[in-house]
Structures are given as C-alpha cells and as structure tokens.
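# Structural overview for review
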Amino acid sequence: MNCPTCSQPDVIEIEHVLPDGTQVYFFACHNCEEKWWNRDGEDIDISQVLEIVRQHRA
Ligand SMILES: [Zn+2]
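Below you will find a few notes about this structure. All values reported here derive from a predicted model rather than from experimental measurement. (Residues numbered from 1 in each chain as written. Predicted model: local features only at pLDDT ≥ 70, side-chain atom pairs only at ≥ 80, totals over all residues. Heavy atoms only, no water.)

### Focus: the pairing of strand β3 (residues 35–39)
Residues in a regular strand point their side chains to alternate faces of the sheet. Stated formally: For two strands to be treated as a pair, DSSP must find no fewer than two bridges joining them. Each helix is a run of DSSP H or I of at least 4 residues and each strand a run of E of at least 2, with the numbering of both proceeding from the N terminus.
Pairing geometry for strand β2 (residues 23–29) and β3, over five bridges, is antiparallel. Paired with F26 across the strands is W37, a residue of β3. Sheet topology places β3 next to strand β4 (residues 42–44); three bridges connect them, and they run antiparallel. Looking across to β4, one finds that N38 is bridged to D43. Count of turn residues in the β3/β4 antiparallel hairpin: two residues, of which D40 carries a positive phi of about 55°.

This is the structure:
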C-alpha cells in the first residue's frame with residue numbers, strides 16, 4: 001500500500017468493525033500524515049464512518 005498523496009509506502013493499516021458490523025480500514029501515512037478510510041475496497045469519508053457510529057449509538 002502506497003500513500004495516494006505522497007506515493008510513499010510508509011502507511012499503516014488498522015482494521016475496525018463499526019457498531020453495525022461494517023468492516024472498515026483506517027490508513028495513515030507516516031510521511032505526509034494523510035489519513036483515509038476504506039470499506040469493501042472503496043474509499044469512504046470519515047463523516048460516513050462517524051454517521052454509522054452515530055446511528056447505532058442511540
Ligand atoms: Zn503520504
């Protein structure tokens with residue numbers, strides 16, 4: 001996995017399971033500090049992740 005912003009391979013990957021069972025991955029680049037999320041191979045915005053968490057916290 002290379003960073004889409006700086007193209008460096010210095011990227012960490014962390015798996016998360018959201019409250020509704022959705023499996024997502026959090027990526028962070030040590031080189032340029034870019035951060036992003038991925039679900040089922042597609043990039044998703046952090047706001048979408050937070051929305052799922054919010055909907056299942058009630
Ligand atoms: Zn980067």
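That covers the picture; the talk isn't over yet.
### Focus on the coordination of the zinc ion
Our working rule: Donor atoms: N, O and S within 2.8 Å of the metal, or within 3.2 Å for Na, K and Ca. Because water is excluded, sites can look incomplete. Donor angles set the geometry label: tetrahedral for four donors if every angle is between 85 and 135 degrees, square planar for four and octahedral for six if opposite donors exceed 155 degrees and the others are between 65 and 115, irregular for anything else.
Taken together, the protein donors to the zinc ion comprise C3 (SG), C6 (SG), C29 (SG) and C32 (SG), at separations of 2.2 to 2.3 Å. Geometry at the zinc ion is tetrahedral, judged from the four donor atoms that bind it and their angles of 107 to 114° at the metal.

### Here we look at the pairing of β2
To keep things clear, this is the line we draw: For the exposure calls, accessible area comes from a 1.4 Å probe over protein chains only, and a residue counts as buried if that area is under 20% of its type's maximum, exposed if over 50%, partly exposed in between.
Taken across its seven residues, β2 has five buried, putting it largely inside the fold. Across seven bridges, the pairing between strand β1 (residues 11–17) and β2 is antiparallel. Following the sheet pairing, I14 is matched in β2 by F26. In textbook terms, the turn of a hairpin is the stretch between consecutive antiparallel strands, and for β1 and β2 this stretch comprises five residues, one of which, G21, has a positive phi near 90°. Where β2 folds back on β3, the antiparallel hairpin that results is connected by five residues, among which E33 adopts a positive phi of roughly 70°.

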